[in-house]
Amino acid sequence: MTYIFKMKQIRSEKGISQKEMAEKLDTTQQLVSQYETCLVEPTIKRLIEIAQILDVSLDELVEFEKIHEDYSKELEDLKK
């Protein structure tokens, strides 16, 4: 699945370090880095935890509109 995961951007804007984020998630800084670079996809449960820690909605954390736009364009191209 292709989507834009904005954890790093939001975390940085809120002044939270990767180390602090890792502590709040009870995990390692390396895993936080892997989430942010999309090497590892967080589970839905983890996404909810991240959103709660960053005090944002899931929609703000994960940009699903991009997926909708991409698929809409693909469907339009198929109709041609």
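Refer to the structure presented above.
Residues numbered from 1 in each chain as written. Predicted model: local features only at pLDDT ≥ 70, side-chain atom pairs only at ≥ 80, totals over all residues. Heavy atoms only, no water.

Description of a nonpolar patch on the surface
Phase 1: Among the surface-exposed residues, Ile44, Ile48 and Leu58 lie close enough to one another that they form a single nonpolar patch of about 250 Å² accessible area.
Phase 2: One can find Ile44 in helix α4 (residues 44-54). (Patch = residues over 30% accessible without salt bridge, like charges linked within 9 Å, V, L, I, M, F, W, Y side chains within 5 Å. Areas by Shrake-Rupley, 256 points an atom, 1.4 Å probe, with all protein chains shown as cover. Salt bridge = Lys/Arg side-chain N within 4 Å of Asp/Glu carboxyl O. Helix = DSSP H or I, 4+ residues; strand = E, 2+ residues; numbered from the N terminus.)

What to know about unusual backbone geometry
Phase 1: Positioned with a positive phi, Asp26 is a non-glycine residue whose angle comes to about 55 degrees.
Phase 2: Following the sequence through the fold, Asp26 ends up in the loop between α2 (18-25) and α3 (29-36).
Phase 3: Despite not being glycine, Cys38 has its phi angle at roughly 65 degrees, a positive value.
Phase 4: With respect to the helices, strands and loops of the structure, Cys38 is situated in the loop between α3 and α4.

Overview of the nonpolar core
Looking at soluble globular proteins, one finds that nonpolar side chains tend to be buried together.
Phase 1: Grouped together as the largest cluster of nonpolar side chains are 17 residues, with contacts concentrated most on Phe5, Met7, Met21, Ile50, Leu54 and Leu61.
Phase 2: Taken together, the elements giving at least two residues each to this core come down to α1 (7-13), α2, α3 and α4.
Phase 3: No other element matches α4, which puts 4 residues into this core. (Core = buried A, V, L, I, M, F, W, Y, C linked by side-chain atoms within 4.5 Å. Buried < 20%, exposed > 50% of the residue type's maximum accessible area, 1.4 Å probe, protein only.)

Quick word on the pattern of salt bridges
Phase 1: For the coordinates displayed, the defined rule picks out 2 salt bridges.
Phase 2: For the salt bridge of Arg11 with Glu36, the shortest nitrogen-to-oxygen distance reads 2.5 Å. Here Arg11, found in helix α1, pairs with Glu36, found in helix α3; they are 25 residues apart in sequence, far enough to count as distant. Glu36 matches Arg11 in its accessibility class, with the two residues each being buried.
Phase 3: Linking Arg46 and Glu49 is a salt bridge whose minimum nitrogen-to-oxygen distance equals 3.4 Å. Linking Arg46 with Glu49, this pair stays in helix α4, spanning 3 residues, or about one helical turn.
Phase 4: Overall, Arg46 belongs to the buried group, its relative accessible area being 15%.

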